[in-house]
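# Structure at a glance
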Amino acid sequence: MRKKITIGNKEVEFNSSLAWVFIYKAQFGKDPLAVLIPMIKAATKAMISLNEAEKSAKEKYGNSKNSKGIGFEMLTDVDIDDSFEPLYEIEATEILSIIWALAANADKNIDEPDKWLDRFETFPLDEIGKELLPMIAQSVMSTKKFKALNALAGPMKKTPLSKSSQEASDVG
């Protein structure tokens, strides 16, 4: 699957066909699944925790006509911190390495990771991750497990990165 995402003012294409796994291993010397599986587990725990916190907020504040927007925006800082605690174990360099390998899979002339990342003034990992995680999971998981993971993420809102969600297309 290919997807274009605008990061800052630059459009970047990503390709999640499994060739990214070999690109990652060739560049970083280790199998990405050793990094990716714990990352997916941590993200799943965070999504479950956020969904539970949202459900609790809805129960607490109700769903009356006067209470518009009950949901994630009603979460407290403590709810959010507790929900994201599983993600604190993930190293930023691991995430950036996977993102780079997905970009390298789409652009065979890509710069080395540090030079490529230096092109961006901002690089919102949370938003980029929300866009790419489903692609990555779909490329390495069975359809049944992917659907279960996707159901957990269902209530999560789309990111404002770009029109990329509509531009996703299967390759091959």
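Residues numbered from 1 in each chain as written. Predicted model: local features only at pLDDT ≥ 70, side-chain atom pairs only at ≥ 80, totals over all residues. Heavy atoms only, no water.

Turning next to a negative patch on the surface. Residues Asp107, Asp111, Glu112, Asp114 and Asp118 make up a contiguous surface patch of negative charge. With respect to the helices and strands, Asp111 occurs in the loop between helix H4 (92-106) and helix H5 (113-118). Under the relative-accessibility criterion, Asp111 is labelled partly exposed at 37%. (Patch = residues over 30% accessible without salt bridge, like charges linked within 9 Å, V, L, I, M, F, W, Y side chains within 5 Å. Areas by Shrake-Rupley, 256 points an atom, 1.4 Å probe, with all protein chains shown as cover. Salt bridge = Lys/Arg side-chain N within 4 Å of Asp/Glu carboxyl O. Lys, Arg positive; Asp, Glu negative; His and termini not counted. Charge placed at Lys NZ, Arg CZ, Asp CG, Glu CD. Helix = DSSP H or I, 4+ residues; strand = E, 2+ residues; numbered from the N terminus. Buried < 20%, exposed > 50% of the residue type's maximum accessible area, 1.4 Å probe, protein only.)

Before going further, it helps to examine the packing of aromatic side chains. Under the definition given, this model contains six aromatic pairs. When the ring of Tyr24 is compared with that of Phe28, the centres are 5.0 Å apart and the planes differ by 50 degrees; the resulting orientation is tilted. Note that Tyr24 and Phe28 are positioned in helix H1 (residues 19-28) at a spacing of four residues, about one turn of the helix. A relative accessible area of 1% means that Tyr24 is categorised as buried. Overall, Phe28 belongs to the partly exposed group, its relative accessible area being 28%. (Phe/Tyr/Trp six-rings, centres within 6.5 Å; stacked < 30°, edge-to-face > 60°.)

Looking at the secondary structure, you find Asn15 in strand S2 (residues 10-15). Only 2.9 Å separates the side chain of Asn15 from the backbone nitrogen of Ser17, close enough to count as a polar contact. Setting aside chain neighbours within four positions, we find Asn15 in contact with Met1, Arg2, Trp20, Leu102, Asn105, Ala106 and Met135. (Polar contact = N/O pair within 3.5 Å; in protein donor to acceptor, adjacent residues only side chain to side chain. Contact = heavy atoms within 4.5 Å.)

Let us look at the nonpolar core. Counting 29 residues, the largest nonpolar core has Ile7, Phe14, Trp20, Ile98, Trp116 and Leu132 as the members making the most contacts within it. Breaking this core down by element, the ones donating at least two residues are strand S1 (2-7), S2, H1, helix H2 (33-61), H4 and helix H6 (125-140). At seven residues, the largest contribution of residues to this core is made by H4. If sequence neighbours within four positions are ignored, Trp116 has contacts with Val12, Phe14, Ile99, Trp100, Ala103, Ile110, Asp111 and Phe123. (Core = buried A, V, L, I, M, F, W, Y, C linked by side-chain atoms within 4.5 Å.)

As a further point, take the pattern of salt bridges. Applying the stated criterion across every chain, the model contains two salt bridges. Where Glu13 meets Arg2, a salt bridge forms, and the shortest distance between an N and an O atom there is 3.1 Å. Of the two residues, Glu13 is situated in strand S2 and Arg2 in strand S1; the sequence distance between them amounts to 11 residues. Take Glu13: its relative accessible area is 28%, and that puts it in the partly exposed class. Between Glu131 and Lys3 there is a salt bridge, and its shortest N-O distance comes to 3.3 Å. Residue Glu131 is located in helix H6, and its partner Lys3 is located in strand S1; the two are separated by 128 residues in the primary sequence.

Glancing now at H4. When the terminal C-alpha atoms of H4 are compared, their 22 Å separation across 15 residues agrees well with the 21 Å that a helix rising 1.5 Å per residue should span. Burial of H4 is extensive: 11 of the 15 residues sit out of reach of the surface. For H4, the complete set of buried residues consists of Glu94, Ser97, Ile98, Ile99, Trp100, Ala101, Leu102, Ala103, Ala104, Asn105 and Ala106. (Expected span 1.5 Å × (residues − 1).)

Taken by themselves, the reported measurements are silent on function.
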